[in-house]
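Summary of the model geometry
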Amino acid sequence: MQVWIRRFALLLLPLGFLAVMVAAPLLSLAFYDGEGAWAEVVADDYMRLRLGWTVAQAVLTCVLVTALGVPAAWVLARMDFVGRRTVLRLLMLPFVMPTLVVGVGVLALFGANGVLWAGWQDTPYLLLYGNVFFNLPVLVRAAYQGFLQVPQARLQSAQTLGAGAWQRFCFVEWPVLRPWLAGGACLVFLYCFSGFGLALLLGGSRYTTVEVEIYQLVMYELDMTQASVLVWMVLGVTALAGLLYAYLSRQTASDKAVRALPPHRPQSLGERVLLGFSLMVLLLCCLLPLAAVVFLAVSAGGSWGVLLEQETLAAGWNTLRFSGMAVLTAVVLGGMYAAVARRVAWVRGLVFLPFMVSPVCIAAGILLLYPQWTASLPLLVATYALLAYPFVAKDVLAAWDDLPEDYVSAARGMGANAFQTTLYVTAPLLKPALRRGLTLAAATCIGEFAATLFLSRPEWQTLTTLIYSYLGRAGEDNYARAMVLTTVLMLLSLMVFLLLDEREKT
């Protein structure tokens, strides 16, 4: 009986948090009094256009990253070259880079004052390029893991029988790669369909997505009726994509017994051309926007004085304190969630729930359900923590599952109680996983943009909202200030990335 009481107490906080911050807000939108709103939205040509473009840009991004990512993943899995390990680590960079930094980088390249060309202003290409930056590494890493699951003996047998490189890919590698590629494409579609920051910055007035439309309906038109309908349309599509990804994930479990083909030096002219093409794609699609921001910031001259202004210092302090409080909350929630998930199997699937629901949908529901808490610090920090704690829970749970049972049994056999075993045996072994989760959680909080726009007060401006404010002001100086602040935000994210990179190497 006492065991069940302890389990219930442990279960109460993480699941109660999800109920209050996810389930209740979304249900409030579902039951919002909007009789006839669904028919009105569906019949509206403008809304159908927004929904159609949202789906189209997500599908187009999937096609682009697949065409560019599969060759790059093959090169990384099959070829050995100088800098290969560095390239593999740099594929983590988009996971810790705020969407606002990428959006500003794309504007710096191809916007109205673009470094390379200003011809993409008010076109869909800005958003598609930004989507490729974030999602190409997702597809590359998925395909890379798929290529590593192809048995070496099978490839060598095919080569012995006279199969060329293309035949080996079609008949040996492709059947193994296919589920990994499909899972990666599902994630790409999910991220693009429910993306907000890039669509807000790069879509303009002609190419806004449904997420941006929800933001405008809630914040500017105060039309919760149509917004609630659009939220549930988004949730329906993302739920289907999430379920499909969960189904495909069951087919992509890594087999540690598989012996992968070791990478080799490029031998033929075709392999050298493919290597050069892949590295050029990764450079142009993943690093060029960041380099453009730095270039414009270095050229900003006197605009660097923005760093000493009171508004900037206050925004920096808000960013750090909100992120710090949210990360501490994420540690508690993530640790408790991992402990519960080890004992209650059905809880494991809920860890991905915050990943499948966009911050815009959550924020809209929170504004409707908790109007008296709007622009309150606990609610803002709780929303940050909701987006951050799954990283902690996921990594800690995976590491906990891999711990040998012998260690715990030996400690208990020597007389240690449950608390002592956790403190002196389990916790030290879980520390590397906790650090990885905390690093990604901190990166998420530092670059959070959507929830801050919805839920913060004007005096709670963060670096992300301050950059967005400068971009909306006329004048070259304001544009240069935005580039300087974006560089600062980028450096903060890079510090987090280096911490993660260090943990991965040890």
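To be clear, the structure that these remarks concern was listed above.
Residues numbered from 1 in each chain as written. Predicted model: local features only at pLDDT ≥ 70, side-chain atom pairs only at ≥ 80, totals over all residues. Heavy atoms only, no water.

Regarding its fold elements, the protein chain presents 23 helices and zero strands. Against the globule reference of 23 Å for 506 residues, the protein chain gives a C-alpha radius of gyration of 24 Å, in line with a compact fold. Judged by the C-alpha coordinates and their principal axes, the protein chain covers about 65 × 65 × 50 Å. Evaluated residue by residue, the protein chain yields a buried proportion of 52% over its 506 residues. The long-range fraction of contacts in the protein chain, counting pairs at least 24 apart against all pairs at least 6 apart in sequence, stands at 82%. Accessible surface for the protein chain amounts to roughly 23,500 Å². Of this, 66% is attributable to carbon and sulfur atoms. (Helix = DSSP H or I, 4+ residues; strand = E, 2+ residues; numbered from the N terminus. Rg over C-alpha atoms; globule rule 2.2 N^0.38 Å. Buried < 20%, exposed > 50% of the residue type's maximum accessible area, 1.4 Å probe, protein only. Contact = heavy atoms within 4.5 Å. Areas by Shrake-Rupley, 256 points an atom, 1.4 Å probe, with all protein chains shown as cover.)

Along its 34 residues, helix α3 (residues 45–78) runs 49 Å from first to last C-alpha, staying within 8% of the 50 Å computed at 1.5 Å per residue. The largest bend in α3 comes to about 30°, at Gly 69, with the proline Pro 71 one to four residues further on. Where α3 starts, the residue carrying a side-chain oxygen 2.9 Å from the main-chain nitrogen of Tyr 46 turns out to be Asp 44. (Expected span 1.5 Å × (residues − 1). Bend = angle between axes of the 7 residues up to and from the residue. Polar contact = N/O pair within 3.5 Å; in protein donor to acceptor, adjacent residues only side chain to side chain.)

By size, the foremost hydrophobic cluster in this structure holds 163 residues, and its most contacted members are Leu 136, Phe 147, Phe 196, Ile 214 and Tyr 389. Here this core gets 15 residues from one element, more than from any other, and that element is helix α18 (residues 377–402). With residues up to four places along the chain from it excluded, the contact list for Phe 147 reads Val 70, Ala 73, Trp 74, Ala 77, Arg 78, Phe 169, Glu 173 and Leu 177. Val 150, Leu 155, Val 172 and Val 176 belong to the second largest nonpolar core, which has six residues in total. (Core = buried A, V, L, I, M, F, W, Y, C linked by side-chain atoms within 4.5 Å.)

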